[in-house]
Amino acid sequence: MNALYSVGTWDADRQSFTPQRGVTVPAFNITLPQLRQAVRELKAMGYGAYRVRDADGTHDTNDPMVLIERTDGTPWREIRRGWKR
């Protein structure tokens, strides 16, 4: 099975991550090529969408406005519940 990912952007009004409107790929359970497309489109919209590996191997330096996570087919409602902060 190939890995699937979900991507959301921070919505200050809702105080949670939400699917970004205007992106041509779905927000939930997308393939790696679709994820790359979503990141390109988010960058074109002005998001940093960066993820930098730290010296210790972790990814502590990320764009706090963009959430990308591996979801591997998790139902979208469950993903959205996890996005609430």
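Anything mentioned here points back to the structure above.
Residues numbered from 1 in each chain as written. Predicted model: local features only at pLDDT ≥ 70, side-chain atom pairs only at ≥ 80, totals over all residues. Heavy atoms only, no water.

What am I meant to see in the sheet that holds strand S2 (residues 16-18) here?
Across a sheet, paired strands are connected by hydrogen bonds in the backbone, their directions being either parallel or antiparallel. Read from one edge of the open sheet, 3 strands run S2-S1-S5, paired in antiparallel fashion. Strands with a single pairing partner mark the edges of an open sheet, and in this sheet they are S2 and strand S5 (66-70). With direction set aside, neighbouring strand axes in the sheet form an average angle of 40 degrees. Where strand S1 (residues 5-11) and S5 come together, 5 bridges link them in antiparallel fashion. Note on S5: the bridge partner recorded for Thr9 is Val66. Sheet strands touched by helix H1 (residues 32-44): S1 and S5. Its angle to S1, the strand with the most contacts, is close to 20 degrees. Sheet strands touched by helix H2 (residues 76-83): S1, S2 and S5. Its angle to S2, the strand with the most contacts, is close to 145 degrees. (Pairing = 2+ DSSP bridges. Helix = DSSP H or I, 4+ residues; strand = E, 2+ residues; numbered from the N terminus. Axes fitted to C-alpha atoms, helices over the stretch in contact; angles between N-to-C directions. Contact = heavy atoms within 4.5 Å.)

When you look at the layout of surface pockets in this model, what are you seeing that I'm missing?
The probe, sized like a water molecule, is rolled over the atoms to show the empty space still left. In this structure, the largest pocket occupies an estimated 240 Å³ of space. Contributing to the lining of the largest pocket are 13 residues, with Val39, Ala49, Tyr50, Arg51 and Ile68 lying nearest its centre. Among the secondary structure elements, those contributing two or more residues to the lining of the largest pocket are H1 and S5. In terms of residues, the lining of the largest pocket owes the most to one element, H1, which gives 5 residues. Classifying every residue of the lining of the largest pocket gives 8 nonpolar, 1 polar and 4 charged. (1 Å grid on protein atoms, 1.4 Å probe; cavity = no way out; pocket = protein on both sides within 12 Å on 5 of 7 lines; lining within 4 Å. Points joined across faces, edges and corners; volume = space filled by probe spheres on them. Nonpolar A, V, L, I, M, F, W, Y, C, P; charged D, E, K, R; others polar.)

Could you clarify how one ought to interpret H1 in this entry?
Every α-helix carries 3.6 residues per turn, so stepping three or four residues along brings you back to the same face. Spanning 13 residues, H1 covers 18 Å between terminal C-alpha atoms, matching the ideal 18 Å at 1.5 Å per step. Of the residues making up H1, those classed as buried are Leu35, Ala38, Val39, Glu41 and Leu42. Seen from one end, H1 has its buried residues packed into an arc of 165 degrees, which puts them on one side. Facing away from the buried side of H1 by over 90 degrees, the exposed positions are Pro33 and Ala44. (Expected span 1.5 Å × (residues − 1). Buried < 20%, exposed > 50% of the residue type's maximum accessible area, 1.4 Å probe, protein only. Arc of directions from axis to C-beta.)

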